[in-house]
Structure formats: C-alpha cells, structure tokens
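Summary of the model geometry
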Amino acid sequence: MNDTKPVLVSGIKPTGDLHIGNYFGAMRQFVELSRAGKYRPFVFVADYHALNSMQEHEEMRRRTRELVVAYLAVGLDPKEVVLFKQSDVPAHTELCWIFDTITTMPYLMRAHAYKDAEARNKEINVGTFNYPMLMAADILLYDAAVVPVGADQKQHIEYARDTAEKFNRVYRTDLFKLPEPYIMADVAVVPGTDGQKMSKSYGNVIPLFASREELARRVMSIVTDSSGERPENVYAIHKLVRSEGELEKMYDEYQGDYKMLKELLVEDLDRYLAPIRAKYEELQSDPGIIEEILGEGKREARAISEAKMEEVRRTIGVAY
Ligand code: TYM
C-alpha cells in the first residue's frame, strides 16, 4: 500500500438490513474510489456508533458479520482496503474523549440528529448526543482527505472539520487535516418506496440483498401518484439502474401503465443486484474469512491510529 496517497475513510453502522440507499449513496463510492487507486482506503464497521440504538449482543455480532460480508460482496478488496471494526481500535474512543473536552454542549445541541431526537421527545442517551465527536475521531485519526457518504452525513463531516480546526487552534498545531465530504449529487438522497429518503427507520427500504420475490413485493408497494405524467417515485428509483435516456422512452411508451413500469423496474433492479447477491451468498459459506480480514484490519488500523495518538498525547501534554 502506498502511504503517500490521500486517505479515504468511511463507515456504516451494523444496525439493520443494508438497503440500496446505503449502496448507491455510499458503498458504491467506496468501491469505485478504492479501485481507482488514487486513495488509501479505510472502511469500517461503526459498531460503537450502533451501540446507541442496538443493545443486543447476538444481533450486534450477526449484523457485524453481515456488514463485513456485504463490504466484500459489493467489491471491496481487503488487500487494497483496510477493513476493520471500530471497537477493535481503542484510539477512536480515546480521541473522542479528547475532542469532548474542547467541544461545547450548545455546539452539539445544533446537530440535526440530536434535534430530531429531541423533537420526538426521545430520552436521548449521552452517546447519541456525543455521536459527532466519535465520528470526528473516526475520520481525523487517519488524516482522511475524503469521506464518501450520503447527504444525511454532511453535517457530521462539518463537525469533524470544525473539531480539527478547533483542536489545531487550541493547541497551536496543524496535527489534524480537514476532511472533505464526497457526496455524489445524483445519489445524495436515494428515495424510498414512499418518496421520502430511504431509511431503515422509515420502513421504506429496498434491501440490497433482497431476493427477486422480495424486490417485486417492495417495488409493488411504491407509492404512486396519478396526478402527474409519470409515477415519480418509481422513476426516481429506476434512475439508479438505467440511464435517463432509456427511461424517457420506456416511461413514454408505458405512460399510465404503472403496473408494467413497476415490473420493468423489478427486472432492472434484479439484473443489477443479482451478482452482488450471488457473491454475498457465496461468501456466507466461508465463515473463517471474516475473522481473518478483521484481524488483519485491526492490526493495520491500530498501528496507524496509535502512531497518530502518540502525537496527539504529546501535543496535549500527557506524553513526552
Ligand atoms: P449509516 O450506517 O446510517 O449509513 C451508511 C451510509 O449510507 C448512506 N445512506 C444514504 N445515502 C443516500 N441515500 C439514502 N437514502 C441513504 N441512507 C443511508 C449514509 O449517508 C452513509 O454514508 N454516521 C454514519 C456512520 C459513520 C461514519 C463514520 C461514516 C460512523 N463513523 C465516519 C463516515 C465516516 C451512519 O450512521 O451511516
């Protein structure tokens, strides 16, 4: 691996079935940017972030394994990418604490995720409140230049940038590099079956590893509005897997025939997702592979992050 390349960092929480919003909004970019060879990629399972909403150990284990297999199935190559579990690298939580000490509560209260939770009158745990600081640590530890994510994570990257600046200012250093979000405009917000952002918590997802039957069920449930020229919610998802030029023709030809258009969408989605699904199933039969990959990722991520933490400790004056 070339150490001089700019670093790419991103992660996903192991909290639910992956959906095509995760894939088109983020995972596909992890793969494309890693393959392009221009970056040094670090991709991880954000299990400590998941802990805020999932406190069931069997589920944590299962979903973590599923996410690692999914990373491989979509095409990440562990020889090119450092693939690891956040909880395997203690520097993440250590740096999070140091960031906590330079961050104010009013600043964290401005986070969308916190404000949403508060608006829903939820009892918010400290981990949720503090979420942006752990995420800043995830990113800044590796000197990330780019962070490929969907639009919903943009504010979190801004928090990471602000935190890098603040640390550098407080300690009169340039230790932390300012990361840039990498958000693809056309897939920044992948819509769900109801037209809102596709999200595990809205129950509007199309799972990435759905069987054809499941795909058909989800597509048939897409909410259509007969007031316009074409079923916009169907079209918006179709756009992910077929060019707009082809779609224009198809949607003209079958204007008004929503059932047919949905069937065509099922066909196209199935064709697109079938190889990823097949790879996912093939990898399931090789359980040893996960420990091996995570073991290697842990060693590499620990070595790099520990070297950074040594500098951090010296900078703040707790090590000499
Ligand atoms: P998470 O696990 O909620 O989602 C994983 C990725 O999928 C993207 N995404 C979408 N993109 C477009 N349209 C959608 N409908 C859609 N739904 C989800 C998310 O934007 C995200 O990129 N906080 C992060 C995990 C994380 C992280 C990090 C990411 C922890 N530490 C450091 C980057 C760097 C999260 O909850 O993602």
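Residues numbered from 1 in each chain as written. Predicted model: local features only at pLDDT ≥ 70, side-chain atom pairs only at ≥ 80, totals over all residues. Heavy atoms only, no water.

1. Thoughts on the site of the ligand
Quick note on the threshold: Being near a molecule or strand, for a residue, means having at least one of its heavy atoms within 4 Å of it. In protein, a polar contact means a hydrogen-donor-capable atom and an acceptor-capable atom, both N or O and within 3.5 Å, with residues adjacent in sequence counting only if both atoms are side-chain atoms; elsewhere, any N or O pair within 3.5 Å suffices. Note that Gly is not counted as nonpolar here; it falls among the polar residues with everything else outside the nonpolar set of Ala, Val, Leu, Ile, Met, Phe, Trp, Tyr, Cys and Pro and the charged set of Asp, Glu, Lys and Arg.
In the vicinity of the ligand lie 28 residues, with Tyr131, Asp138, Asp152, Gln153 and Val190 positioned nearest. For the ligand, an oxygen atom lies 2.9 Å from a polar atom in the backbone of Lys13. Here a nitrogen atom of the ligand sits 2.6 Å away from a polar atom, N or O, in the side chain of Tyr131. Of the residues assigned to the shell around the ligand, the class counts are 14 nonpolar, nine polar and five charged.

2. Some details on the sheet that holds strand S3 (residues 82-85)
What counts here: Strand pairing is assigned whenever DSSP detects at least two bridges linking the two strands. Helix and strand assignments follow DSSP, with helices taken as H or I runs no shorter than four residues and strands as E runs no shorter than two, numbered in order from the N terminus. Axes, fitted as lines to C-alpha atoms, cover a helix only where it is in contact. Angles between the N-to-C directions of the axes lie from 0 to 180 degrees. Residue contacts are counted whenever heavy atoms from the two residues lie within 4.5 Å of one another.
Taken together, the five strands give an open sheet; going across it, the order is S3-S2-S1-S4-S5, and neighbouring strands pair in parallel fashion. Edge positions in the open sheet fall to S3 and strand S5 (180-182), since each of these has one partner strand only. Here the average twist between neighbouring strands, direction ignored, is 25 degrees. Pairing analysis gives six bridges linking strand S1 (residues 7-12) to strand S2 (residues 40-45), with the strands arranged parallel. Looking at the pairing, Ile12 lines up with Val45 of S2. Packed on one face of the sheet, helix H1 (residues 20-36) meets S1, S2, strand S4 (144-148) and S5 and runs near 155 degrees to S1.

3. So, the layout of surface pockets
Rules: Buried and open spaces are told apart on a 1 Å grid over the protein atoms alone, a cavity being a set of points where a 1.4 Å probe fits but cannot get out and a pocket being an open set with protein on both sides within 12 Å along at least five of seven lines. Residues with an atom within 4 Å of a point are the lining residues. Grid points are joined across faces, edges and corners, and a volume is the space filled by probe spheres set on the points.
Here the second largest pocket is characterised by a volume of approximately 260 Å³. Asp47, Met60, Arg61, Thr64 and Lys85 are the residues nearest the centre of the second largest pocket, which is lined by 13 residues in total. Contributions of two or more residues to the lining of the second largest pocket are made by helix H2 (47-50), helix H3 (57-74) and helix H14 (288-316). A breakdown of the residues in the lining of the second largest pocket according to their chemical character gives five nonpolar, three polar and five charged.

4. Some words on the domain arrangement of the chain
Definition in use: Each domain span listed reflects an automatic or database assignment of domains. By definition here, a salt bridge exists when the distance from a side-chain nitrogen of Lys or Arg to a carboxyl oxygen of Asp or Glu is within 4 Å.
Looking at the assigned domains, one finds that the chain contains domain 1 (7-188 + 287-316) and domain 2 (200-281). Look at where the C-alpha atoms of domain 1 and domain 2 centre, and you get two points 30 Å apart. Across the boundary between the two partners, domain 1 contributes 18 residues, which contact 15 residues of domain 2. Summed over the shared surface of domain 1 and domain 2, the number is zero salt bridges.

5. Observations concerning unusual backbone geometry
Under the convention used in this document: Burial here depends on accessible area, computed with a 1.4 Å probe over protein chains only, as a share of the maximum for the residue type. Under 20% is buried, over 50% is exposed, and the range in between is partly exposed.
The residue Asn121 is not glycine, and still its phi comes out positive at about 60 degrees. With respect to the secondary-structure elements, Asn121 resides in the loop between helix H6 (112-119) and helix H7 (126-129). Residue classification places Asn121 among the exposed residues on the basis of a relative accessible area of 69%. The phi dihedral of Asp143 is positive, around 55 degrees, even though this residue is not glycine. For Asp143, the position within the fold is in the loop between helix H8 (131-140) and S4. Asp143 gets classed as partly exposed once you look at its relative accessible area, which sits at 28%.

6. So, the environment of Tyr114
Within the secondary structure, Tyr114 is located in helix H6. Along the chain, Tyr114 and Asn22 lie 92 residues apart, while their C-alpha atoms are 21 Å from each other. In contact with Tyr114, other than residues within four places in its own chain, are Leu108, Met109, Ile124 and Phe129.

7. Structural notes on the packing of aromatic side chains
What describes a pair of aromatic rings is the distance from one ring centre to the other and the angle between the planes of the rings. Under the convention used in this document: The rule is short: rings of Phe, Tyr and Trp, with Trp giving its six-membered ring, pair when the centres are within 6.5 Å, and they are stacked under 30 degrees, edge-to-face over 60, tilted in between. For a lysine, the NZ atom is tested; for an arginine, the CZ atom; a charge sits over a ring if that atom is within 6 Å of the ring centre and within 35 degrees of the ring normal.
Taken as a whole and judged by the stated rule, the model has 15 aromatic pairs. Residues Phe99 and Phe167 carry aromatic rings whose centres are separated by 6.3 Å and whose planes lie at 75 degrees to one another, so their mutual orientation is edge-to-face. Here Phe99, found in helix H4 (residues 91-100), pairs with Phe167, found in helix H9 (residues 154-170); they are 68 residues apart in sequence, far enough to count as distant. The class for Phe167 is buried, based on a relative accessible area of 0%. Consider the rings of Phe167 and Phe176, whose centres lie 4.9 Å apart with planes at 75 degrees: the pair is edge-to-face. On the accessibility criterion, Phe176 (3% relative accessible area) is buried. Ring pairing ties together the aromatic residues Phe42, Phe44, Phe84 and Tyr142, which thus form one cluster. Over the aromatic face of Tyr235 sits the side chain of Arg230, whose NZ or CZ is 3.6 Å from the ring centroid.

8. Some remarks on the packing of H3 against H14
Stated precisely, the cut-off is as follows: Each angle gets one of four labels, with under 35 degrees taken as roughly parallel, over 145 as roughly antiparallel, 65 to 115 as roughly perpendicular, and the rest as oblique.
Between H3 and H14, whose axes approach to 10 Å, the crossing angle comes to 85 degrees. Classed by the angle they form, the pair H3 and H14 counts as roughly perpendicular. Along the contact surface, H3 presents Arg65, Val68, Val69 and Leu72, while H14 presents Ile289, Ile290, Glu291, Ile293 and Leu294.

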